[in-house]
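Each chain, letter by letter, is given below.
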Amino acid sequence: MRSIKGFGLVLALAAAGCAVAPGAPEDAAAPQKRNVILFLGDGMGISTITAARIFAGQQQGAPGEEHALAFEVFPHVALVKTYNVDAQVPDSAGTMSAIVTGEKTRIGHISVASAAPHGDCEAGLANELPTVLELAEAQGLATGVISTARFTHATPAATYAHVPDRDWESDAQLSAAARESGCRDIARQFVEFAHGDGIEVAFGGGRAPFLPADVADPEHPGVTGVRSDGRNLIEEWRRGGADRTYVWNREQFDALSPAAPGPVFGLFEPSHMQFEADRPNDPAGEPSLAEMTEFAIEKLAADPDGFFLMVEGGRIDHAHHGGNAYRALADTVALSDAVATALRLTDAAETLILVTADHSHTMTMSGYPRRGNPILGNVETPLGELATDLEGRPYTTLGYANGPGYRDDLAELAEVDPLAPDYRQVAAYPLASETHGGEDVAAYATGPGSEAVHGVMEQNRLFHVMKQVLANRTVSSAE
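Cut-offs and rules
- Residues numbered from 1 in each chain as written.
- Predicted model: local features only at pLDDT ≥ 70, side-chain atom pairs only at ≥ 80, totals over all residues.
- Heavy atoms only, no water.
- Helix = DSSP H or I, 4+ residues; strand = E, 2+ residues; numbered from the N terminus.
- Expected span 1.5 Å × (residues − 1).
- Buried < 20%, exposed > 50% of the residue type's maximum accessible area, 1.4 Å probe, protein only.
- Polar contact = N/O pair within 3.5 Å; in protein donor to acceptor, adjacent residues only side chain to side chain.
- Salt bridge = Lys/Arg side-chain N within 4 Å of Asp/Glu carboxyl O.
- Phe/Tyr/Trp six-rings, centres within 6.5 Å; stacked < 30°, edge-to-face > 60°.
- Disulfide = S-S within 2.5 Å.
- Pairing = 2+ DSSP bridges.
- Axes fitted to C-alpha atoms, helices over the stretch in contact; angles between N-to-C directions.
- Contact = heavy atoms within 4.5 Å.
- Core = buried A, V, L, I, M, F, W, Y, C linked by side-chain atoms within 4.5 Å.
- Parallel < 35°, antiparallel > 145°, perpendicular 65-115°, else oblique.
- Nonpolar A, V, L, I, M, F, W, Y, C, P; charged D, E, K, R; others polar.

Caption draft 1: Up close: helix 11 (residues 289-300). Between the first and last C-alpha of helix 11 there are 16 Å, a value that for 12 residues agrees with the 16 Å anticipated at 1.5 Å per step. Judged by how many residues are buried, helix 11 sits mostly within the fold: nine of 12 residues are covered. If you check which residues of helix 11 are buried, you get Leu 289, Ala 290, Met 292, Thr 293, Phe 295, Ala 296, Ile 297, Lys 299 and Leu 300.

Caption draft 2: Quick look at the side chain of Ser 336. As for its position among the elements, Ser 336 is in helix 13 (residues 325-345). A polar atom in the side chain of Ser 336 sits 2.9 Å from the backbone nitrogen of Ala 70.

Caption draft 3: Structural context of the pattern of salt bridges. Taken as a whole, this structure holds 26 salt bridges when the rule is applied. Where Glu 65 meets Arg 371, a salt bridge forms, and the shortest distance between an N and an O atom there is 2.8 Å. With Glu 65 in the loop between helix 2 (46-59) and strand 2 (76-81) and Arg 371 in the loop between strand 10 (363-365) and strand 11 (398-403), this pair connects stretches of sequence that are 306 residues apart. Looking at Glu 65, the relative accessible area reads 28%, which means it is partly exposed.

Caption draft 4: Structural view of the packing of aromatic side chains. In this structure the tally under the stated criterion is 16 aromatic pairs. For the ring pair Phe 71 and Tyr 444, a centre distance of 5.0 Å and an interplane angle of 55° mean the geometry is tilted. Residue Phe 71 is found in the loop between helix 2 and strand 2, and its partner Tyr 444 is found in strand 14 (residues 441-446); the two are separated by 373 residues along the sequence. The exposure class assigned to Phe 71 is buried, which follows from its relative accessible area of 0%. Residue classification places Tyr 444 among the buried positions, given a relative accessible area of 9%.

Caption draft 5: Representation of the state of the cysteines in the model. According to the stated counting rule, one finds one disulfide in the structure shown. Disulfide pairing places Cys 121 opposite Cys 183 at an S-S distance of 2.0 Å. Handedness of the Cys 121-Cys 183 disulfide follows from its S-S torsion of about 110°: it is right-handed. Of this pair, Cys 121 sits in helix 4 (residues 121-126) while Cys 183 sits in the loop between helix 7 (176-180) and helix 8 (186-191); the two residues are 62 residues apart in sequence, bridging distant segments of the chain.

Caption draft 6: Region of the structure containing the sheet that holds strand 15 (residues 455-458). The mixed open sheet is built from 10 strands, whose spatial order is 5-6-4-3-7-1-8-14-2-15. Each end of this open sheet is capped by a strand with a single partner; those strands are strand 5 (245-247) and strand 15. Averaged over all adjacent pairs, the angle separating strand axes in this sheet is 15°, with direction ignored. Note: strand 4 (residues 201-205) against strand 6 (residues 264-267), four bridges, orientation parallel. Each residue of the ladder has a partner; that of Val 201, found in strand 6, is Val 264. Together, strand 1 (35-41), strand 3 (142-150), strand 4, strand 6 and strand 7 (307-313) form the strand contacts of helix 11, whose direction differs from that of strand 7 by roughly 175°.

Caption draft 7: Region of the structure containing the nonpolar core. Within the largest apolar cluster, 115 residues are counted, with the highest numbers of intra-cluster contacts made by Phe 39, Phe 190, Phe 203, Phe 210 and Phe 308. The residues touching Phe 190, leaving out its near neighbours within four places in the chain, are Phe 151, Tyr 160, Ile 199, Ala 202, Phe 210, Trp 237 and Phe 265.

Caption draft 8: Structural view of the packing of helix 2 against helix 13. At a minimum axis distance of 9 Å, the contact between helix 2 and helix 13 shows a crossing angle of 80°. The orientation of helix 2 with respect to helix 13, classified from their angle, is roughly perpendicular. Facing helix 2, whose interface residues are Thr 48, Ala 51, Ala 52, Phe 55, Ala 56 and Gln 59, helix 13 presents Tyr 326, Leu 329, Ala 330, Thr 332 and Val 333. Taken together, the residues that form the contact of helix 2 with helix 13 break down as eight nonpolar, three polar and no charged.

Caption draft 9: Quick look at unusual backbone geometry. Positive phi, normally seen in glycine, also occurs at Ser 111, with a value near 50°. Its location among the elements puts Ser 111 in the loop between helix 3 (92-101) and helix 4. Under the relative-accessibility criterion, Ser 111 is labelled buried at 0%. Within the chain, Tyr 368 stands out as a residue other than glycine whose phi angle is a positive 60°. Counting through the fold element by element, Tyr 368 comes out in the loop between strand 10 and strand 11. Assessed through its relative accessible area of 75%, Tyr 368 is described here as exposed.

Caption draft 10: Representation of the packing of helix 3 against helix 14 (residues 461-471) within the structure. The N-to-C vectors of helix 3 and helix 14 enclose an angle of 35°; their axes lie 5 Å apart at closest approach. Residues Ala 98, Ile 99, Val 100 and Thr 101 of helix 3 pack against Leu 462, Phe 463 and Met 466 of helix 14. Here the contact of helix 3 with helix 14 is built from residues that sort into six nonpolar, one polar and no charged.

The structure is reproduced here in structure tokens:
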């Protein structure tokens, strides 16, 4: 990868607002490599972490409560406030934008300041916020973005794109005013990304926003792209360099070599990737989140200056919206496996690993179940009795405040199996899609700079933790 050395690096750091040690001689020492890996569990609230911990332990034959997910052993932990500037309970766009830009913004905004009204193209163009990934590219570092959601979805998009409306994933979603004012959709912004030498590793779902509406998907012939401008952005990306590699299925992913030159782009579904529980049944096959993380680290680590990598477990959120705790917990465990992979492959002295969530969900854990009670099951008391409500009906440990699991008639609960993967936990209020929760989420950190993660933090402070680690490299003019 092309890197900025010596005085050029000092200028890049200064332009990005990064600190350089005052008075340090330019030839004092060789540059110190620094890496940052941000793991984002979309919708991974504290109740989700607790339930996933128990779920993972019980999958291994233990009671579960004593188990620990990979990131729960990190030495530094904080509670993080998640509100948007205009929303008490936030969305993923505003929260991820805060994490990667250092500035809280509006609900639905992708790395655009709150001064821009929602959906205002011209104001959005005038209020773009630089992201930690863009700053890393300016410093000559390698970068990567991984998500199990569409690559143009809110969380991954916030690292490389800027729009005042998160729904602008393809040109077909742009308003007429946005087109006339020259705004670019999120997929196009990825293909036309011009910071540094570009993103080296990009994995996720979401082929449709990159393909024209008359082009069939390679895996699902009955599905087409959604672009109205006729552009095939996947082919445009491939033509950007002879060393570029694009993959869309398991066989092609397995054939990749992290030692091969050039950037890698992988889109494994027309929309979101499969839930972890369903991934083994995917027709063309998909890599796991841990496998994508392993490839990315091995490729990015070859850069002598360091790297920034964002890894999102995006479908935790989608399972919660569907009122399905089973898949939410399975995807949380998959994120934990990816964190374990990162711990195995990186040097703790040079890599900050930060694990957090953008927001929570309304899932609750209650009911006085006995130790080791199946986390997805009906509540059994410490005396071994089946707990029932005032009408004599069983109830589960996990439930939702709202969502599609609402039932007019709860009598059927005695006849259904709450351990079934497709079971929807009971919701108190009927909604087509369960909503986010507004309570604080947790942040876990280990490695250089991790001590800054403590107490109760504003969400946008996480950006400054990461930025300081990437900036805190001794500069040598002798290079």
